[in-house]
Amino acid sequence: MTEHVQKCGACGEEVKGELYHLGFSDMDAVYCWDCPNVLLIKDHDFFEKNGITFPHLMPGDKGWQEYNKHMLPYYKEAEKLFPGCGCGGSFRFMAPPRCPKCNDYLAGKDKDYGGKPYYRYHKYVFVTVGSVYLENGRFCEST
Ligand SMILES: [Zn+2]
Ligand SMILES: [Zn+2]
């Protein structure tokens with residue numbers, strides 16, 4: 001984890017937080033749809049244990065859809081396993097990171113993933129206001 005400062009593409013303010021490399025920490029991250037909170041999934045077989053196996057399809061494979069849209073129904077199922085966010089919203093795979101100052105997308109206004117899972121494959125997660133984690137099958141609030 002490293003300290004990180006990023007300029008918000010929507011409001012132009014500097015946003016401070018911590019950057020985690022997902023590959024090195026062997027985890028996945030899912031942002032809240034409505035606020036900058038993030039769910040860190042440190043339990044790497046969590047989905048499999050709950051009966052969800054994400055397909056790893058390459059272009060040309062049977063069932064593959066452009067921009068990996070074949071992932072969307074799997075995301076929907078997997079999201080049912082998540083706790084609600086403290087803001088009253090929900091953690092969703094297709095939620096882009098939000099700015100803690102203006103609450104718009106950090107990448108800029110209207111810069112969501114356009115329903116294309118391909119664009120959500122990120123190497124890092126940016127934790128700005130807080131996170132909830134999932135470890136050993138349990139959800140914990142981080143302080
Ligand atoms: Zn902002
Ligand atoms: Zn939230």
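Coordinates for the structure precede this section.
The numbering scheme is per chain: residues are counted from 1 as the chain's sequence reads. For this description, chains carry letters from A and ligands carry numbers from 1, given in the order in which they are written. Totals for whole chains, interfaces and linings use all residues, but because this is a predicted model, local features are given only for residues with pLDDT of at least 70 and pairs of side-chain atoms are given and counted only at 80 or more. Hydrogens are left out, water is left out, and the side-chain values use all remaining heavy atoms of the structure.

So, the overall build of the protein
Item 1. Starting at the N terminus, helices and strands are each numbered in turn, a helix being any DSSP run of H or I of at least four residues and a strand any DSSP run of E of at least two. Of the regular secondary structure elements, the protein holds three helices and seven strands.
Item 2. Across the protein, helices and strands are ordered from the amino to the carboxyl terminus as β-β-α-β-β-α-α-β-β-β.
Item 3. A compact globule built from 143 residues would reach a C-alpha radius of gyration of about 15 Å, and the protein, at 15 Å, matches this within 12%.
Item 4. By principal-axis analysis of the C-alpha atoms, the protein measures approximately 45 × 35 × 30 Å.
Item 5. Partly exposed residues are those whose accessible area sits between 20% and 50% of the maximum for their type, while under 20% is buried and over 50% is exposed, using a 1.4 Å probe and protein chains only. When the 143 residues of the protein are sorted by exposure, 40% land in the buried category.
Item 6. Sequence separation of at least 24 residues holds for 62% of the intrachain contacts in the protein that already meet a minimum separation of 6.
Item 7. In these tables, accessible area is a Shrake-Rupley quantity obtained with a 1.4 Å probe, and a residue counts as shielded only by the protein chains included in the view. On the protein, roughly 8500 Å² of surface is accessible, and the fraction owed to carbon and sulfur atoms is 48%.
Item 8. Counting rule for charge: Lys and Arg are taken as positive, Asp and Glu as negative, and neither His nor the chain ends is counted. Charge positions come from single atoms, namely NZ of Lys, CZ of Arg, CG of Asp or CD of Glu. The protein carries 17 positive and 19 negative side-chain charges, and their two centres are separated by 4 Å. With the radius of gyration taken over C-alpha atoms, the globule rule is written as 2.2 Å times the number of residues to the power 0.38. It only takes one pair of heavy atoms within 4.5 Å for two residues to be counted as in contact.

Comments concerning the coordination of the zinc ion (ligand 2)
Item 1. Note on donors: an N, O or S atom is included if it sits within 2.8 Å of the metal, or within 3.2 Å for Na, K and Ca, and water is never included, so sites can look incomplete. Coordination sphere of the zinc ion (ligand 2), protein contribution only: Cys32 (SG), Cys35 (SG), Cys85 (SG) and Cys87 (SG), at 2.3 Å.
Item 2. The motif formed by the donor residues of the zinc ion (ligand 2), counted along the single chain, is C-x2-C-x49-C-x1-C.
Item 3. On the accessibility criterion, Cys85 (8% relative accessible area) is buried.

As for the coordination of the zinc ion (ligand 1)
Item 1. Every protein donor of the zinc ion (ligand 1) is accounted for by Cys8 (SG), Cys11 (SG), Cys99 (SG) and Cys102 (SG), and the metal-donor separations fall at 2.3 to 2.4 Å.
Item 2. Going along the chain, you hit the donors of the zinc ion (ligand 1) in the pattern C-x2-C-x87-C-x2-C. Here the residue Cys11 occupies a position in the loop between β1 (2-7) and β2 (14-21), and Cys102 occupies one in the loop between α3 (72-79) and β5 (124-127), the gap between them amounting to 91 residues.
Item 3. Classification of Cys11 by relative accessible area gives partly exposed; the value is 34%.
Item 4. Owing to a relative accessible area of 33%, Cys102 belongs among the partly exposed residues under this scheme.

Regarding the pairing of strand β7 (residues 138-141)
Remark: a regular strand shows side chains that alternate across the two faces of the sheet.
Item 1. Here strand β6 (residues 131-135) pairs with β7 via four bridges, running antiparallel. Looking at the pairing, Tyr133 lines up with Cys140 of β7.
Item 2. Strands were regarded as paired on the criterion that DSSP finds at least two bridges between them. Counted along the chain from β6 to the antiparallel partner β7, the turn is two residues long, and its residue Asn136 has a positive phi close to 50°.

Some points on the sheet that holds β6
Item 1. Reading across the sheet, the four strands line up as β3-β4-β6-β7 and stay open at both edges, with mixed pairing between neighbours. Two strands in the sheet have a free side with no partner beyond their single neighbour: β3 (28-31) and β7. Going across the sheet, the axis of each strand differs from the next one's by a mean of 20°, ignoring polarity.
Item 2. As judged from the four bridges shared by strand β4 (residues 38-41) and β6, these two strands associate in the parallel manner. Across the sheet, Leu39 pairs through a bridge with Val132, a residue of β6. Here an axis means a line fitted to C-alpha atoms, over the contact stretch when the element is a helix, while the angle between two N-to-C directions is reported on a 0 to 180 degree scale.

Observations concerning the packing of aromatic side chains
Item 1. Stacked, tilted and edge-to-face pairs are distinguished by plane angle, under 30 degrees for stacked and over 60 for edge-to-face with tilted covering the rest, among Phe, Tyr and Trp rings (Trp via its six-membered ring) whose centres lie within 6.5 Å. A full pass over the atoms with the stated rule returns eleven aromatic pairs.
Item 2. On the numbers, 6.1 Å between centres and 70° between planes, the contact of Phe47 with Phe82 is edge-to-face. Of the two residues, Phe47 is situated in helix α2 (residues 46-49) and Phe82 in the loop between α3 and β5; the sequence distance between them amounts to 35 residues. For the pair shown, Phe47 and Phe82 are each scored as buried.

So, to be careful, I would describe these as geometric facts and stop short of saying anything about function.
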